[in-house]
Amino acid sequence: MKKNPIEEGKFTEHAHGMGTVTEAMVRQRARELALINGRTENQVIESDLTQARRELTGEEGLNPEPTEAEALTEDRRWEPVPESTGHQMPTVPPPDEQTFAEKLVEEGIQEAEHDQMTAAARAALKRDTEP
């Protein structure tokens, strides 16, 4: 069953509603990821930006492997004579409030973990730079 694309992406960040993900939000998250990965906030690399964008837009899960049909070349995808007349597609059910609540809890846990890692990285950096 297909998921409703409106239900994808993050809803909160640091316990505040997010709204639309902006480039500034992506860059801030990338700076935090750089800090967590042992670099300074000014040493953001492309993978930090990519990961930040994936996290904030809800693409954090694994990318599925392409199906056999997707792996075929373009000229082999089409059947010259259709073998079926088609069928009715399943309807997408309305969002489940319980599932949404579970997603918010999981997202809150992930944000808390991210905040703890950021704070620990900053404390370690401060401790290492003090004389």
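Located above this text is the structure these notes cover.
Residues numbered from 1 in each chain as written. Predicted model: local features only at pLDDT ≥ 70, side-chain atom pairs only at ≥ 80, totals over all residues. Heavy atoms only, no water.

Peer 1: I tried to follow the overall build of the chain on my own but got confused; where do I start?
Peer 2: Helix and strand counts for the chain come out as five helices and two strands. From first element to last, N terminus to C terminus, the chain shows the α and β order β-β-α-α-α-α-α. For the chain, the residues scored as buried account for 17% of the 131 residues in total. Long-range contacts, defined as pairs at least 24 residues apart, comprise 62% of the intrachain contacts of the chain with a sequence gap of at least 6. (Helix = DSSP H or I, 4+ residues; strand = E, 2+ residues; numbered from the N terminus. Buried < 20%, exposed > 50% of the residue type's maximum accessible area, 1.4 Å probe, protein only. Contact = heavy atoms within 4.5 Å.)

Peer 1: Any chance you could explain the pattern of salt bridges here in plain terms?
Peer 2: One pass over the full model with this rule turns up five salt bridges. A salt bridge links Asp48 to Arg39; the nearest nitrogen and oxygen atoms lie 2.1 Å apart. Judged by its relative accessible area of 1%, Asp48 falls in the buried class. Connected through salt bridges with shared partners, the residues Arg29, Glu55 and Glu111 form a single ionic network. (Salt bridge = Lys/Arg side-chain N within 4 Å of Asp/Glu carboxyl O.)

Peer 1: Before we go on, may I ask you to explain the side chain of Thr118 in this structure?
Peer 2: When you line up the elements, Thr118 lands in helix α5 (residues 97-129). Thr118 sits in the buried class, given a relative accessible area of 4%. Apart from residues lying up to four places away in sequence, Thr118 is in contact with Glu32, Leu35 and Ile36.

Peer 1: Help me out: how do you make sense of the packing of helix α1 (residues 23-36) against helix α2 (residues 46-57) in this one?
Peer 2: When two helices pack together, their arrangement is captured by the angle between the axes and the distance separating the axes. The interhelical angle for the contact between α1 and α2, taken along N-to-C directions, is 120°, at an axis separation of 8 Å. Judged by the inter-axis angle, α1 sits oblique to α2. Classified by chirality, the crossing of α2 by α1 is right-handed. For the pair α1 and α2, the contacting residues are Glu23, Met25, Val26, Arg27, Arg29, Ala30, Leu33 and Ala34 in the first and Asp48, Leu49, Gln51, Ala52, Arg53, Glu55 and Leu56 in the second. (Axes fitted to C-alpha atoms, helices over the stretch in contact; angles between N-to-C directions. Parallel < 35°, antiparallel > 145°, perpendicular 65-115°, else oblique. Left-handed = near helix turned anticlockwise from the far one by under 90°.)

Peer 1: Help me out: how do you make sense of the environment of Ile36 in this one?
Peer 2: Its place among the elements puts Ile36 in helix α1. Accessibility expressed as a relative area gives 24% for Ile36, which makes it partly exposed. Along the backbone, Ile36 and Thr118 are 82 residues apart, and their C-alpha atoms lie at a distance of 5.6 Å. If sequence neighbours within four positions are ignored, Ile36 has contacts with His114, Met117, Thr118 and Ala121.

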